[in-house]
Amino acid sequence: MLGEGILKGMAVTAKNFVGSYVSKDRLTTVQYPEERLPQKEAARNFPFLVFDGKDEHAGLRCVACQICEKECPPQCIYIIKSKDKKPDYVGKPQFYPAIFDIDVSVCMSCQICVEVCPFEAIKMDTDYELSTTDRFDQLLLHKTELAKSNEYYRQIHPSEATEVDERLAAEKLKAEAKAKADAETKAKAAAEARAKAAAAAAGTPATPGGAPAPATSTATARPGSPAATPQASGAAPSKTAPAPTPTNPPSSAPVPAK
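Here's what I pulled together on the structure shown here.

Quick notes on the rules
- Residues numbered from 1 in each chain as written.
- Predicted model: local features only at pLDDT ≥ 70, side-chain atom pairs only at ≥ 80, totals over all residues.
- Heavy atoms only, no water.
- Patch = residues over 30% accessible without salt bridge, like charges linked within 9 Å, V, L, I, M, F, W, Y side chains within 5 Å.
- Areas by Shrake-Rupley, 256 points an atom, 1.4 Å probe, with all protein chains shown as cover.
- Salt bridge = Lys/Arg side-chain N within 4 Å of Asp/Glu carboxyl O.
- Lys, Arg positive; Asp, Glu negative; His and termini not counted.
- Charge placed at Lys NZ, Arg CZ, Asp CG, Glu CD.
- Helix = DSSP H or I, 4+ residues; strand = E, 2+ residues; numbered from the N terminus.
- Pairing = 2+ DSSP bridges.
- Buried < 20%, exposed > 50% of the residue type's maximum accessible area, 1.4 Å probe, protein only.
- Phe/Tyr/Trp six-rings, centres within 6.5 Å; stacked < 30°, edge-to-face > 60°.
- Lys NZ or Arg CZ within 6 Å of the ring centre and 35° of its normal.
- Contact = heavy atoms within 4.5 Å.
- Axes fitted to C-alpha atoms, helices over the stretch in contact; angles between N-to-C directions.

The next point concerns a positive patch on the surface. Taken together, the side chains of K70, K81, K85 and K92 define a basic patch exposed on the protein surface. By the secondary structure assignment, K92 is in the loop between strand 3 (86-87) and strand 4 (93-94).

Here it is in structure tokens:
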């Protein structure tokens, strides 16, 4: 029939039009800003820096390696490395960014900085309300504005944050075990060195275990001394019988001639 396709298309349009007012899943319009749609976990807008604990300076994960600055396609990241060091999450002294700026007016939210970061220090935020009257200074975010806690990261990306926390905890345990093994090895080497030094000072060689070797005497005991007798030396007495004494010893006097 002529116009059948037009009628079917109009029916689909009418169905969708009416359903958008009835179906809750299809109510795509909200009264913003009074109403806000919840952000999806995979949503991303602009990067932010993650720190652990309460202090954003002491707990900042970034070590100013500047990999994100080099890999950023629009070159919107600016980093200056510090002169001193501070302990990281495993206790190893690391540099930190003295200055860390991101120009969000240039950032294209590509997430390359997140992918190349080896320290899980930079992540993508879901905040999109960044409108301002100044498109220069207000859109250049500094380190204090970029730093956000790990608890905030868990709220916006719970699955990803859990995986990251487990991996960092495993790395920390591994580093602590390695440090403990190294400390035990150094303590053992120091003990052996002290034992060798003490043995050298006493004039006796040291055994591999660290204890000095037993001293040996080279003196020869004289007959009749206490050390020469079996009782004094601790040896068992000999059971051999003594040689018999002759009753009539031969006389050595000359016999007179008759």
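Next comes the rest of the description.
Reading across the sheet, the 3 strands line up as 2-5-7 and stay open at both edges, with antiparallel pairing between neighbours. The sheet terminates laterally at strand 2 (77-81) and strand 7 (140-141), the two strands that pair on one side only. With 5 bridges joining them, strand 2 and strand 5 (residues 97-103) adopt antiparallel strand pairing. Bridged to K81 within strand 5 is P97.

Turning to the pattern of salt bridges, a few remarks are in order. For the structure shown, the criterion picks out 12 salt bridges. Put simply, D52 and R61 hold a salt bridge, and the shortest N to O gap is 3.0 Å. Residue K123 is joined to E120 by a salt bridge in which the shortest nitrogen-to-oxygen separation is 2.5 Å. Both residues of the pair, K123 and E120, count as buried.

Per the stated rule, a full pass over the model turns up 2 aromatic pairs. Summarising the aromatic geometry, the rings of F48 and Y152 are spaced 5.7 Å apart at their centres and angled 80° between planes, so their arrangement reads as edge-to-face. Taken together, the residues F48 in strand 1 (residues 47-51) and Y152 in helix 5 (residues 150-156) connect sequence positions 104 residues apart. On the basis of relative accessible area, Y152 is assigned to the partly exposed category, the value being 23%. Plain terms: the ring middles of F48 and Y153 are 6.4 Å apart, the flat faces sit at 65° to each other, and that makes the pair edge-to-face. Of the two residues, F48 sits in strand 1 while Y153 sits in helix 5, which places them 105 residues apart along the sequence. Residue class for Y153 comes out buried when judged on its relative accessible area of 0%. Cluster of aromatic residues (ring-pair linked, three or more members): F48, Y152 and Y153. In this structure, K81 is placed above the aromatic ring of F95, and the distance from its NZ or CZ to the ring centre is 5.2 Å. The lysine or arginine in question, K148, covers the ring of F48, its NZ or CZ lying 5.8 Å from the ring centre.

A separate point is the side chain of E69. Looking at the secondary structure, you find E69 in helix 2 (residues 67-71). Buried charge without a partner: E69 forms no salt bridge, and the closest opposite charge is K70, 7.3 Å away. When sequence neighbours within four positions are dropped, the list of residues in contact with E69 reads Q75, I77, Y78 and I79.

Across a sheet, strands are paired by hydrogen bonds formed along the backbone, either parallel or antiparallel in direction. Strand order in the open sheet made by the 3 strands is 6-1-8, with mixed pairing throughout. Pairing within the sheet leaves two strands with one partner each, and these edge strands are strand 6 (122-124) and strand 8 (147-149). The mean inter-strand angle of the sheet, taken between neighbouring strand axes irrespective of direction, is 50°. Across 3 bridges, strand 1 lies against strand 6 in antiparallel orientation. Bridging from a neighbouring strand, L49 pairs with I122 of strand 6.

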